[in-house]
Amino acid sequence: MEKQIVEGQMQSRVVLMPCSSYEEEAVYQALKAGTELLGGMEALAGREEKVLLKPNLVRKAKLSRAVVTHPAVMGAAARLLREAGVKEIMAGDSCGVGQATAAAAAVGMDAVLEKYGVSLVDFTGTGSVAYEDGLQARSFFVSKEVLEADVLINVCKMKTHALERITGAVKNMYGCIHGLHKAKGHTAYPNADSFAGMLADLNRFLKPRLHIMDGIVAMEGNGPTSGDPVPMNVLLMSRDPVALDSVFCRLINLKPELVPTNVHGERLGLGFWREEQVELVLAEGGRSAEISMEEAAARFGKADFDVDRRRIRSGSWVRMARFFRIFQKKPCVDGEACVKCGICVESCPVEGKALSFSNGRKEPPVYDYKKCIRCFCCQEMCPHKAIKVR
Ligand code: SF4
Ligand code: SF4
């Protein structure tokens, strides 16, 4: 990641491009301006390098629900790579449920990528890969296609997340972990802090060269898959995923220090979230200029964005609350919305399952909160918005 020294301290640049529609040319022009302000695509990916675009394809969902990265953003990134002379471009993900190719086809991403000769792949398995420089995580089950790529470009979606408050650039890299190993990761890193530390190490290991955030229509509320779409009308770009996520936080009136991936991202040397260490540049109408966070929030933010802003408690009180599993957020099934499909039970990573059908499938699944590690995989994977975190 490229950082620059400004007035005696390290800074990362984030570019904000206002964009109020997914019209392909508008998205392309916005990303072109952003890329130029980050050194140009030619400097980010060599012609002979194999480039992998990593969208958020967490699962099959209608485009209007704002669950996945919009195809127009992927198409614009692919077009810029082609114009920079890059010969080999792939796109792929490891979904929580189902296959990336099916999730992409459901929103028309396959057709958009085909126009630019991008091969769409389902990530396949690999063995454990050691990461000796890991400070929180020393090995990962990274998918084969990710390891084979020379350049990784992260094309994430602006959304809320039950465990980490937001899912943006840092969290999107978790889709590079293969299949069921994603669920197992939740048992190895069973709380928001340890999971965030692992994510920071994963980003340090994978070193994506560029992060693009689709915030034209974001998701608020019960994210990352059951929330509500909300127009934010922006695209963000940076080479620093922490800085990019911190700007997302400022736009939604969420203190960046309340997001564990920011805190641990900074602690582990992945990037910066403090205002003085983020240079925010506005690219608008063919011009660019530095803009303060305050002005960006006033012009492009949504102060009442529905996200968890509660203070994080720490110390012995929290250890006690965790031990007795009290005052903690917990997933709850809405019996009226539940169709008893069982996907939540399948996605629970806890051995012996922390939720199950107690009466065949006549009733919705019930939780055993003593076993539940609050990873919220069940809430994330429920296709019917039937699980809420309270
Ligand atoms: S809560 Fe959701 S995932 Fe679980 S059985 Fe009901 S509809 Fe399916
Ligand atoms: S019940 Fe849900 S939140 Fe609890 S451990 Fe299982 S998947 Fe995670």
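Parameters at a glance
Residues numbered from 1 in each chain as written. Chains lettered and ligands numbered in written order. Predicted model: local features only at pLDDT ≥ 70, side-chain atom pairs only at ≥ 80, totals over all residues. Heavy atoms only, no water. Phe/Tyr/Trp six-rings, centres within 6.5 Å; stacked < 30°, edge-to-face > 60°. Lys NZ or Arg CZ within 6 Å of the ring centre and 35° of its normal. Helix = DSSP H or I, 4+ residues; strand = E, 2+ residues; numbered from the N terminus. Polar contact = N/O pair within 3.5 Å; in protein donor to acceptor, adjacent residues only side chain to side chain. Contact = heavy atoms within 4.5 Å. Axes fitted to C-alpha atoms, helices over the stretch in contact; angles between N-to-C directions. Parallel < 35°, antiparallel > 145°, perpendicular 65-115°, else oblique. Left-handed = near helix turned anticlockwise from the far one by under 90°. Nonpolar A, V, L, I, M, F, W, Y, C, P; charged D, E, K, R; others polar. Salt bridge = Lys/Arg side-chain N within 4 Å of Asp/Glu carboxyl O. Buried < 20%, exposed > 50% of the residue type's maximum accessible area, 1.4 Å probe, protein only. Domains from an automatic or database assignment. Buried area = accessible area lost by both parts, 1.4 Å probe. Right-handed = clockwise from strand over helix to strand, strands pointing away. Pairing = 2+ DSSP bridges. Lys, Arg positive; Asp, Glu negative; His and termini not counted.

## Re the packing of aromatic side chains
Counting across every chain of the model gives 6 aromatic pairs. The residue whose ring lies beneath Arg79 is Tyr28, and the NZ or CZ to ring-centre distance is 3.4 Å. For Lys330, the ring lying beneath its charged end belongs to Tyr369, and the centroid distance is 4.8 Å.

## So, the side chain of Asp308
Locating Asp308 in the fold gives a position in the loop between helix H12 (293–300) and helix H13 (316–324). Here the side chain of Asp308 touches Lys329 through a polar contact of 3.3 Å, side chain to side chain. Those residues in contact with Asp308 that lie beyond four places of it in its chain are Arg165, Leu254 and Lys329.

## With respect to the packing of helix H10 (residues 241–251) against helix H11 (residues 260–267)
When two helices pack together, their arrangement is given by the angle between their axes and by how far apart the axes lie. Two elements in contact, H10 and H11, have axes separated by 10 Å at closest approach and are oriented at 150°. Between H10 and H11, the crossing angle belongs to the class labelled roughly antiparallel. Regarding H10 and H11, the two cross each other, and that crossing is left-handed. On the side of H10, the interface is formed by Val242, Asp245, Ser246 and Cys249, while H11 contributes Thr261, Asn262 and Gly265. Here the residues of the contact of H10 with H11 sort into 2 nonpolar, 4 polar and 1 charged.

## Brief notes about the pattern of salt bridges
Scanning all chains against the criterion turns up 21 salt bridges. Close ionic contact of Arg204 with Asp201 constitutes a salt bridge, the shortest N to O distance being 2.4 Å. Of this pair, Arg204 and Asp201 are both found in helix H9 (residues 192–206), 3 residues apart, which corresponds to roughly one turn of the helix. On the basis of relative accessible area, Asp201 is assigned to the buried category, the value being 0%. One continuous salt-bridge network, built from bridges that share partners, spans Arg165, Asp308, Arg310 and Lys329.

## As for the domain arrangement of the protein chain
Each domain of the protein chain was delimited in the assignment, giving domain 1 (4–300) and domain 2 (316–389). If you average the C-alpha positions of domain 1 and of domain 2, the two centres end up 28 Å apart. Contact residues are listed per partner, giving 22 residues for domain 1 and 20 residues for domain 2. With both chains or domains summed, domain 1 and domain 2 bury close to 1600 Å², and 53% of this area falls on carbon and sulfur atoms. Considering only the side of domain 1, the residues that lose the most area to domain 2 are Ala162, His186 and Asn222, jointly responsible for 28% of the buried surface there. In this assembly, domain 1 and domain 2 are joined by 1 salt bridge. Notably, a salt bridge pairs Asp228 with Lys385, separated by 3.9 Å at the nearest N-O pair.

## Side note on the pairing of strand E3 (residues 50–55)
For E3, a buried count of 5 out of 6 residues is recorded, marking the element as mostly surrounded by other parts of the structure. For the crossover from E3 across helix H3 (residues 71–83) to strand E4 (residues 88–93), the handedness is right-handed. Judged from the 5 bridges that link them, E3 and strand E8 (residues 151–161) form a sheet pairing that is parallel. Paired with Val51 across the strands is Val151, a residue of E8.

## Re the side chain of Glu380
Assignment of secondary structure puts Glu380 in helix H15 (residues 377–381). Despite its burial, Glu380 pairs with no opposite charge, the nearest such side chain being Lys171 at 4.6 Å. Apart from residues lying up to four places away in sequence, Glu380 is in contact with Val58, Arg59, His161, Pro224 and Thr225.

## Concerning the environment of Ala72
Tracing the chain through its elements places Ala72 in helix H3. The spacing of Ala72 and Asp214 is 142 residues in sequence and 9.6 Å in space, taken between C-alpha atoms. Apart from the residues lying within four places of it in its own chain, the contact partners of Ala72 are Tyr22, Glu24 and Val27.

## Looking at unusual backbone geometry
With an omega of 10°, the peptide bond running from Gly223 to Pro224 counts as cis. Along the chain, Pro224 falls in the loop between strand E10 (210–220) and strand E11 (228–238). In this model, Asn233 sits at a positive phi of 60°, which is unusual for a non-glycine residue. By secondary structure assignment, the location of Asn233 is in strand E11. For Asn233, a relative accessible area of 30% corresponds to the partly exposed category. Unlike most non-glycine residues, Lys340 shows phi in positive territory, near 60°. A relative accessible area of 26% places Lys340 in the partly exposed class.

## Overview of the environment of Val230
By the element assignment, Val230 lies in strand E11. You can call Val230 buried: its relative accessible area is 4%. Taking the C-alpha atoms as reference, Val230 lies 9.4 Å from Arg65; in sequence the two are 165 residues apart. Excluding residues within four positions of it along the chain, Val230 makes contact with Ile216, Val217, Ala218, Met219, Glu220, Lys302 and Phe305.

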